[in-house]
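# Survey of secondary and tertiary structure
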Amino acid sequence: MTVEQTLPDARPVEAQVRPDLTTLIVYFGALIAMFMATIDMQIVVTALPTIAGELGNLHLFGWVGAAYLLSTAAVSPFYGKLGDMYGRKNVVLTAIGLFLLGSLVCGMAWSMESLIAARVLQGIGGGGLMVSAFAMIGELFSPRDRAKYQGHSSAVFALSSVLGPLAGGYITSLFGWRWVFLVNLPIGIIVLAVLAFAMRSRFNEKRHRIDYLGGVLLAAGTTAIVYWGYHVLDPSGPDLITFALPLLALVAITLFVMVERRAEEPIVPLRLFGDSTVSIVSGVSLVAGTVTLGMFFYFALYMQTLTGLSPAEVGFLFLPASLTSMVISIVAGRVIAATGRYKWMPVVAMAIGGFLMLGFVLTNQHTPIWVLATMMAVFGISMGLQFQVLIVAIQAAAPLQDIGAVTSLITQARTLGASLGLALNGAVMIWALNRQTAELPADAAALLPGGLNGLTPHLASSLPGAIREVVLDHYSSGFNVMFIWVAALYFVAMGLTLLLEDKEIPKRG
């Protein structure tokens, strides 16, 4: 009689094994590490005005956020591959150490330039935390169970992304902007100690050849794209850099592919793209970053200008998205763990997102606050049905030894998508608002020297009643063009997800 036959319900052994205490400790350590890394992408948004007021050089304040995103995107492939080669423990501990050092220097910054440099260091660690956390979960649990535990990780990712601006504002008001960064230290030290004692080290006698050239080329291409995403919205208008960066990215990625074909241990094994799931999920993740993470800024701008609410009050409108995303992520993970099926989830997610954007076309300055809050809750449902599902799908399609590589691939695709969303969605918005500015009555145009693109929430609230109605009508019409554009991207992503094979994730792995 086999071991499986001695079990009461005759299910495979793997189906009944529960994670031990050490596994759960490592898992929760990974979640906290991920939370620290992701919340630092958004937490500085509401602290930036105060930071710029104290450190000066207001024209550089945008780089406080861009520096973190640039360095995070550039180093992700290195962390994924090094973890596959040498084990996840030393890699994640190094990432935490760099992140904490960067946080300390950020909190001690004496100028805007020093703060930006410290954010680069912090991002180098943060990129390793995100990739390593998702990869650790992929290694800790069997393919089917990953869905359940990745559901919690994606809930953490969504929660940190939405709570970041709110937390940054309150910490700055209560303790000062430096604590936006210094608060990471006590939490990070505890996580560092827990993972150092709880995680097992992998002893590997094989000598590896790290693909430095491929990594540098991929980092160069990624950095060029992310930088372009920020630079293209520069109010001074397009310049040589605007057109040179896409060319640089194209050259770097072309050379990267050539190098990877010859590399003994490529940093991103191109053979992985032979699996249609890896290729499709990577493409979907790129578009998903554009229509989700790349839309947070524009949602806040749109709702604050139309409603006249304060930044803190608009921040609360994002809470429904956070809550529904958390709940749906957890529920979706458990459904996948029980059934092994996942394809329908991203298809539904993209459909919901597309129709939601078309719903935003019907909103204006008279739309009740509760309707906007409900729409943001629906936005969270769309996020919850796609983020962790795509990670589960790509990890299930890859061999265990490549978990880190595919995890860094999807993480980088999302980062690139967020940057492209910031640029492309913004470019569509600016174009549409310029057209609407030309249609404004003369008396309204006279009060807007910068046109509708220069309309701020404060300026909108100070306009006379009748003129304000006209201006906001044209303003929402301009945003409608962007919403239709984003809806089209959602439906493109839905078409890609329909191409996924309807596989059942195995329980064993």
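You'll find the structure just up there.
Below is a summary of the structure that appears in this document. (Residues numbered from 1 in each chain as written. Predicted model: local features only at pLDDT ≥ 70, side-chain atom pairs only at ≥ 80, totals over all residues. Heavy atoms only, no water.)

## Let's talk about the overall build of the protein chain
To be explicit about the condition: Secondary structure elements follow DSSP: runs of H or I no shorter than four residues count as helices, runs of E no shorter than two count as strands, and numbering proceeds from the N terminus. Think of it in three bands: with a 1.4 Å probe and only protein chains considered, a residue is buried below 20% of the maximum accessible area for its type, exposed above 50%, and partly exposed in between. Here, two residues are considered to be in contact whenever any of their heavy atoms come within 4.5 Å of each other. In these tables, accessible area is a Shrake-Rupley quantity obtained with a 1.4 Å probe, and a residue counts as shielded only by the protein chains included in the view.
For the protein chain, the helix and strand inventory stands at 23 helices and zero strands. Relative to its 509 residues, the protein chain shows a buried fraction of 54%. In the protein chain, the proportion of contacts linking residues at least 24 apart, taken out of those at least 6 apart, comes to 83%. Of the roughly 21,100 Å² of accessible surface on the protein chain, 70% is carried by carbon and sulfur atoms.

## Side note on the pattern of salt bridges
Put simply, the rule reads: Salt bridge, as used here: a side-chain nitrogen of Lys or Arg that lies within 4 Å of a carboxyl oxygen of Asp or Glu.
If you walk through the whole model with that rule in mind, you get two salt bridges. Across the pair Glu-54 and Arg-178 runs a salt bridge whose closest N-O atoms are separated by 3.3 Å. A residue pair is termed long-range when its members are at least 10 positions apart, and Glu-54 in helix H4 (residues 48-55) and Arg-178 in the loop between helix H8 (143-175) and helix H9 (179-182) qualify at 124 residues. Given the relative accessible area of 47%, Glu-54 is considered partly exposed. Judged by its relative accessible area of 25%, Arg-178 falls in the partly exposed class. One salt bridge connects Arg-341 with Asp-502, and the closest N-O pair in it is separated by 3.8 Å. Of this pair, Arg-341 sits in the loop between helix H16 (319-339) and helix H17 (344-360) while Asp-502 sits in the segment after helix H23 (465-498), placing them 161 residues apart in sequence. On the accessibility criterion, Arg-341 (32% relative accessible area) is partly exposed.

## Topic: a nonpolar patch on the surface
Worth spelling out the cut-off: Without a salt bridge and with relative accessible area above 30%, a residue can belong to a patch; like charges are then joined within 9 Å and nonpolar side chains (Val, Leu, Ile, Met, Phe, Trp, Tyr) within 5 Å.
Together, Tyr-170, Leu-174, Phe-175, Trp-179 and Phe-316 make up an exposed nonpolar region whose accessible area comes to about 600 Å². Among the elements that make up the nonpolar patch, the one with the highest residue count is H8 (three residues). If you trace the backbone, Leu-174 turns up in helix H8.

## Regarding the packing of helix H13 (residues 276-291) against H23
Spelled out, the test is: Orientation is described by lines fitted to C-alpha atoms, with helices fitted over the stretch in contact, and by angles between N-to-C directions that extend from 0 to 180 degrees. Each angle receives one of four descriptions, namely roughly parallel if under 35 degrees, roughly antiparallel if over 145, roughly perpendicular if within 65 to 115, and oblique otherwise. For a crossing to be left-handed, the near helix must be turned anticlockwise from the far one by less than a right angle; the clockwise case is right-handed. Residues are grouped as follows: Ala, Val, Leu, Ile, Met, Phe, Trp, Tyr, Cys and Pro are nonpolar; Asp, Glu, Lys and Arg are charged; every other residue, Gly included, is polar.
Packing of H13 against H23 leaves a shortest axis separation of 9 Å and a crossing angle of 160 degrees. Judged by the angle between their axes, H13 and H23 are roughly antiparallel. Crossing angle aside, the handedness with which H13 passes H23 is left-handed. Contacts between H13 and H23 involve Ile-280, Gly-283, Val-284, Val-287, Thr-290 and Val-291 from the former and Val-486, Leu-489, Tyr-490, Ala-493, Leu-496 and Thr-497 from the latter. Its residues assigned to classes, the contact of H13 with H23 comprises nine nonpolar, three polar and no charged.

## Some thoughts on the packing of aromatic side chains
Put simply, the rule is: For this analysis, a ring pair means two rings from Phe, Tyr or Trp (six-membered ring only for Trp) whose centres lie within 6.5 Å, classed as stacked if their planes differ by under 30 degrees, edge-to-face if by over 60, and tilted for the remaining angles.
Within the structure shown, the criterion is met by 10 aromatic pairs. Between the aromatic rings of Phe-299 and Phe-360, the centroid separation amounts to 5.1 Å while the plane-to-plane angle is 35 degrees, which identifies the pairing as tilted. Here Phe-360 lies in helix H17 and Phe-299 lies in helix H14 (residues 296-307), a separation of 61 residues in the sequence. Judged by its relative accessible area of 0%, Phe-299 falls in the buried class. Residue Phe-360 is classed as buried on the basis of its relative accessible area of 0%. With a centroid separation of 5.1 Å and an interplanar angle of 80 degrees, the aromatic rings of Phe-299 and Phe-379 are classed as edge-to-face. Here Phe-299 is found in helix H14, whereas its partner Phe-379 is found in helix H18 (residues 369-384), with 80 residues between them in sequence.

## As for the environment of Leu-250
One can find Leu-250 in helix H12 (residues 240-262). The exposed category is assigned to Leu-250, whose relative accessible area is 55%. Between the C-alpha atoms of Leu-250 and Ala-224, which are 26 residues apart in sequence, the distance is 9.2 Å.

## A short note on the packing of H13 against helix H19 (residues 387-397)
The interhelical angle for the contact between H13 and H19, taken along N-to-C directions, is 155 degrees, at an axis separation of 9 Å. The angle between the axes of H13 and H19 places the two elements in the roughly antiparallel class. In this structure, H13 meets H19 at a crossing whose hand is left-handed. Contacts from Thr-277, Val-278, Val-281, Ser-282, Val-284 and Ser-285 in H13 reach Leu-390, Ala-393, Ile-394 and Ala-397 in H19.

## A look at H16
Rules: Helix span, as expected, comes to 1.5 Å for every residue beyond the first.
If you check H16, its first and last C-alpha atoms are 30 Å apart, about what 21 residues at 1.5 Å a residue would give, namely 30 Å. What H16 keeps buried is the set Pro-320, Ala-321, Ser-322, Thr-324, Ser-325, Ser-329, Ala-332, Gly-333, Ile-336 and Ala-337. Looking at the residues trailing H16, positive phi occurs at Gly-340, about 80 degrees.

## Notes on the nonpolar core
Here is the rule: The set of buried Ala, Val, Leu, Ile, Met, Phe, Trp, Tyr and Cys residues whose side-chain atoms join them within 4.5 Å is what this entry labels a nonpolar core.
Within the largest apolar cluster, 115 residues are counted, with the highest numbers of intra-cluster contacts made by Phe-299, Met-357, Phe-360 and Phe-379. Examining the composition of this core, we find that 12 residues originate from one element, H23, more than from any other. Ignoring anything within four residues of it in the chain, the contact list for Phe-360 reads Phe-299, Tyr-302, Leu-372, Met-375, Met-376, Asn-480 and Phe-483. Formed by 19 residues, the second largest nonpolar core is a distinct cluster that contains Val-44, Val-64, Ile-171 and Val-180.

Geometric values such as these leave the question of function open.
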